[in-house]
Amino acid sequence: MECITISKLENWKKNKKKFAAITAYDFSFSKLFSNQGIPVILIGDSLGMTIQGHSSTLPVKVQDIEYHTKAVRKGAPNTFLLSDLPFMSYYETRQALKNTAKIIRSGANMIKIEGGKWLVEIVKELSNRSILVCGHIGLTPQSFNYLSGYKVQGKEKKDANKLIDEALLLEESGIKMLVVECIPEKLAKKITKNLSIPVIGIGSGKYTDGQILVMHDLLGITEGKKPSFTKNFLSENGSIQKSIQKYIYEVEKGIYPNKKYSF
Ligand code: KIV
């Protein structure tokens with residue numbers, strides 16, 4: 001597969017080419033996903049739930065992300081890798097710089113951090129040191145206690161405006177990509193239009209530049225209550241390879257997520 005860089009993703013945004021992203025945590029799946037043509041893989045702190053069996057992402061450590069980033073990089077040498085900085089690993093700038101170095105050394109192209117205005121200084125310091133930073137706003141799972149659960153964000157006008165302001169502020173501060181999680185489709189559309197960097201949506205409708213899903217949701221591995229925006233591609237497509245191809249196809253053509261999978 002061709003090597004995916006940030007400038008390629010920026011060009012896709014300019015040319016309105018949509019792209020699919022997925023989480024992965026190990027060598028075998030990252031190899032399979034990249035062989036099917038997935039351009040962006042997230043080593044998400046969702047591994048706390050999907051791999052480690054915790055009930056939230058909060059127990060995940062920087063060492064865990066380093067370990068899984070190294071494994072994913074071995075399977076996907078040309079894929080654009082985005083790795084999460086876990087809970088409380090970036091509460092102040094020096095600490096964010098130190099932990100980012102560990103994760104970038106493990107093979108990530110970009111780090112992802114959750115939050116709004118309070119991140120401005122940290123984003124500036126990281127960007128000044130040529131680190132690619134992805135923001136993450138809307139439903140930020142590291143704040144689930146504060147948010148009283150995993151709920152759609154930005155439904156009220158004032159909350160929607162706050163998210164728009166945060167997205168613009170983070171872009172001004174230096175982020176090169178933004179994940180918007182569980183926000184209404186209309187709001188995600190507005191944010192995507194207002195920003196010149198690629199915006200990746202999860203549970204945020206079809207108008208974002210990219211889509212991301214947790215691999216366990218896409219493959220129907222998640223037991224019990226699943227987020228309503230997730231689609232089990234494996235049940236219709238027979239093999240994991242075909243499911244990934246279908247996911248890429250549906251995202252690129254704007255078929256997934258349709259209204260059923262949006263807010
Ligand atoms: O950790 C993760 O998997 C994520 C996605 C839900 C975007 O942050």
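Residues numbered from 1 in each chain as written. Predicted model: local features only at pLDDT ≥ 70, side-chain atom pairs only at ≥ 80, totals over all residues. Heavy atoms only, no water.

For the protein chain, the name recorded in an unreviewed UniProt entry is 3-methyl-2-oxobutanoate hydroxymethyltransferase, with Buchnera aphidicola as its organism. Recorded in UniProt for the protein chain, the comment headed Subcellular location (unreviewed entry) runs: "Cytoplasm". (UniProt positions renumbered as here; feature names shortened; annotations may be inferred.)

1. Things to note about the site of the ligand
Around the ligand, the structure places T23, L42, G44, D45, S46, D84, K112, H136, E181, I202 and V214. Contacts to the ligand include D84, whose side-chain N or O atom sits 3.2 Å from an oxygen atom. In the environment of the ligand, an oxygen atom lies 2.8 Å from a nitrogen or oxygen atom belonging to the side chain of K112. Coverage of the ligand by the protein amounts to 95% of the 260 Å² it exposes when considered alone. The pocket occupied by the ligand, as judged from atoms lying within 2 Å of grid points, is the largest pocket. Of the residues in the shell around the ligand, the class split is three nonpolar, four polar and four charged. (Near = heavy atom within 4 Å. Polar contact = N/O pair within 3.5 Å; in protein donor to acceptor, adjacent residues only side chain to side chain. Areas by Shrake-Rupley, 256 points an atom, 1.4 Å probe, with all protein chains shown as cover. 1 Å grid on protein atoms, 1.4 Å probe; cavity = no way out; pocket = protein on both sides within 12 Å on 5 of 7 lines; lining within 4 Å. Sits in = over half its atoms within 2 Å of the grid points. Nonpolar A, V, L, I, M, F, W, Y, C, P; charged D, E, K, R; others polar.)

2. Observations regarding the UniProt feature "binding site: 3-methyl-2-oxobutanoate" (unreviewed entry) in the protein chain
The UniProt feature table records "binding site: 3-methyl-2-oxobutanoate" (unreviewed entry) at D45, S46, D84 and K112. A stretch of 68 residues holds the annotated residues, and the largest C-alpha distance among them is 12.5 Å, short enough that they meet in one place. Residues from the named set that contribute to the lining of the largest pocket are D45, S46, D84 and K112. On the secondary structure map, D45 appears in the loop between β2 (40-43) and α3 (47-50). Once residues within four sequence positions are removed from consideration, D45 is found in contact with T57, V60, I65, D84, P86, E114 and Q142. Among the secondary structure elements, D84 is positioned in strand β3 (residues 80-84). Apart from the residues lying within four places of it in its own chain, the contact partners of D84 are L42, I43, G44, D45, I65, I103 and K112. A distance of 2.7 Å separates a polar atom in the side chain of D84 from the backbone nitrogen of D45. (Helix = DSSP H or I, 4+ residues; strand = E, 2+ residues; numbered from the N terminus. Contact = heavy atoms within 4.5 Å.)

3. Quick notes on the side chain of T140
In this fold, T140 is placed in the loop between β5 (132-138) and α7 (157-173). In contact with T140, not counting residues within four places along its chain, are E114, G115 and L147.

4. Section: the layout of surface pockets
If a probe the size of a water molecule is rolled over the atoms, the empty space left behind becomes visible. Each pocket or cavity is described by its volume, and for the largest pocket that value is around 810 Å³. Contributing to the lining of the largest pocket are 34 residues, with M49, Y150, E181, D217 and P227 lying nearest its centre. Among the elements of the structure, α3, β4 (110-114), β6 (177-181) and α9 (215-218) are those that each provide at least two residues to the lining of the largest pocket. Considering only residue class, the lining of the largest pocket consists of 14 nonpolar, 11 polar and nine charged. Approximately 630 Å³ is the volume attributed to the second largest pocket. At the level of secondary structure, the elements contributing two or more residues to the lining of the second largest pocket comprise β5 and α7. Here the lining of the second largest pocket gets four residues from one element, more than from any other, and that element is α7. (Points joined across faces, edges and corners; volume = space filled by probe spheres on them.)

5. Details of a nonpolar patch on the surface
Together, F87, M88 and Y91 give the surface a local cluster of nonpolar side chains, amounting to about 320 Å² of exposed area. With respect to the element layout, Y91 can be found in the loop between β3 and α5 (93-105). (Patch = residues over 30% accessible without salt bridge, like charges linked within 9 Å, V, L, I, M, F, W, Y side chains within 5 Å. Salt bridge = Lys/Arg side-chain N within 4 Å of Asp/Glu carboxyl O.)

6. Description of the sheet that holds β4
Strand order in the closed barrel made by the eight strands is β1-β2-β3-β4-β5-β6-β7-β8, with parallel pairing throughout. Neighbour-to-neighbour, the strand axes of the sheet open up by a mean angle of 25°, direction not taken into account. Pairing between β5 and β6: five bridges, direction parallel. Looking across to β6, one finds that C134 is bridged to M177. (Pairing = 2+ DSSP bridges. Axes fitted to C-alpha atoms, helices over the stretch in contact; angles between N-to-C directions.)

7. Quick word on the UniProt feature "binding site: Mg(2+)" (unreviewed entry) in the protein chain
Those residues carrying the UniProt feature "binding site: Mg(2+)" (unreviewed entry) are D45, D84 and E114 in this numbering. A maximum C-alpha distance of 11.0 Å is found for the annotated residues, which run over 70 residues; spatially they form one tight group. Cross-referencing the annotated residues with the lining of the largest pocket gives D45, D84 and E114. According to the relative accessible area criterion, D84 is buried, its value standing at 2%. Summarising the element assignment, E114 is placed in strand β4. (Buried < 20%, exposed > 50% of the residue type's maximum accessible area, 1.4 Å probe, protein only.)

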